[in-house]
Amino acid sequence: DKATRPLTDDELVSVLWNLIGGGLDTTTSLTSLALHHLDAHPDQRRRLIDDPELLGPATEEFLRYFSVNETLTRTVTCDADLGGQRLRRGDHLMLSWLSANRDARVFERPDEVVLDRDVNPHLAFGVGPHRCIGLHMARTMFQVLVRRVLARLPDYAVDREATQFYAGNPELNGVVRMPATFTPGRPTGPAERPF
């Protein structure tokens, strides 16, 4: 029975490839976009440096605001009506996570980064059975990276003119190149825990 048998080596490799391949670019992009944002908003950067516990809700807010996976497509499996639109079996449907995560009916001040937003039902990882399998790994990797940058390079400055964002990709939001400068020195901020 497929539901109860152990996974084959090929199936395990496929799952691991999805975790690594799907999580590497998206998590790197989320981190770069957040650091780019914090470069332009030094008050928010200072808040995260001064209050490291704020990184938890801030992570969810950056996920909501940037929605690295902007869209997802699905094939309609049976005729249905959706929001007054007739969908037929075989039609292709594009879901916009970016639009959903900026819905003013759900989020107060949807076009602003609110680091301490306490209710944040974002859809950055999808929803239901297609929810991202690597969501916990992505959150952890993002928090480790941002925590380390803010502790070790708190004065980093992004070269905004040399920064290049993904161009023409309707599915992913991210950064191709983001040079930065910083003052070398000893780590500042809270004591770092090894991971």
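**A few points about a nonpolar patch on the surface**
Residues L7, L12, V15 and I133 make up a contiguous nonpolar surface patch of about 340 Å² in total accessible area. Tracing the sequence through the fold places I133 in the loop between helix 4 (97–100) and helix 5 (135–152).

**Digging into the side chain of S67**
For S67, the location among the structural elements is in the loop between helix 3 (55–66) and strand 1 (71–75). On the basis of relative accessible area, S67 is assigned to the buried category, the value being 1%. Among the polar contacts listed, one links the side chain of S67 to the side chain of N101, at a separation of 2.8 Å. Residues in contact with S67, not counting those within four places in the same chain, are F62, W97, L98, N101 and N173.

**Thoughts on unusual backbone geometry**
Unusually for a residue other than glycine, S67 sits at a positive phi of about 40°. Backbone geometry at R109 places phi at a positive 50°, although glycine is not the residue there. As for its placement among the helices and strands, R109 is situated in the loop between helix 4 and helix 5. The class for R109 is partly exposed, based on a relative accessible area of 42%.

**What to know about the nonpolar core**
Among the nonpolar cores identified, the biggest contains 28 residues, and L30, L48, F62, L115 and Y156 are the most heavily contacted of them. Secondary-structure elements contributing two or more residues to this core are helix 1 (9–40), helix 2 (42–50), helix 3 and helix 5. The residues contacting L48, other than those within four sequence positions of it, are L38, L54, L55, A58, F62, L115 and L150.

**A closer look at the pattern of salt bridges**
In total, this model carries 14 salt bridges according to the counting rule given. Here D111 makes a salt bridge to R102, at a shortest N to O gap of 3.1 Å. On the basis of relative accessible area, R102 is assigned to the partly exposed category, the value being 26%. Here the salt bridges share partners, and the residues they tie into one network are D79, D81, R86 and R88.

**Points about helix 2**
When helix 2 is considered as a whole, its buried residues turn out to be Q44, R45, L48 and I49. An end-on view of helix 2 places all buried positions within 140° of arc, on one side of the element. Of the exposed residues in helix 2, the ones pointing more than 90 degrees away from its buried face are D43 and D50.

**Focus: the packing of helix 3 against helix 5**
Two elements in contact, helix 3 and helix 5, have axes separated by 10 Å at closest approach and are oriented at 115°. Overall, the two elements helix 3 and helix 5 adopt an arrangement that is roughly perpendicular. Where helix 3 crosses over helix 5, the two elements pack in a sense that is right-handed. Touching L55, G56, T59, E60, F62 and L63 of helix 3 are R139, F142, Q143, V146 and R147, all from helix 5. Classifying every residue of the contact of helix 3 with helix 5 gives five nonpolar, three polar and three charged.

Analysis parameters
- Residues numbered from 1 in each chain as written.
- Predicted model: local features only at pLDDT ≥ 70, side-chain atom pairs only at ≥ 80, totals over all residues.
- Heavy atoms only, no water.
- Patch = residues over 30% accessible without salt bridge, like charges linked within 9 Å, V, L, I, M, F, W, Y side chains within 5 Å.
- Areas by Shrake-Rupley, 256 points an atom, 1.4 Å probe, with all protein chains shown as cover.
- Salt bridge = Lys/Arg side-chain N within 4 Å of Asp/Glu carboxyl O.
- Helix = DSSP H or I, 4+ residues; strand = E, 2+ residues; numbered from the N terminus.
- Buried < 20%, exposed > 50% of the residue type's maximum accessible area, 1.4 Å probe, protein only.
- Polar contact = N/O pair within 3.5 Å; in protein donor to acceptor, adjacent residues only side chain to side chain.
- Contact = heavy atoms within 4.5 Å.
- Core = buried A, V, L, I, M, F, W, Y, C linked by side-chain atoms within 4.5 Å.
- Arc of directions from axis to C-beta.
- Axes fitted to C-alpha atoms, helices over the stretch in contact; angles between N-to-C directions.
- Parallel < 35°, antiparallel > 145°, perpendicular 65-115°, else oblique.
- Left-handed = near helix turned anticlockwise from the far one by under 90°.
- Nonpolar A, V, L, I, M, F, W, Y, C, P; charged D, E, K, R; others polar.

Take it as geometry only, folks, not as evidence of what the structure does.
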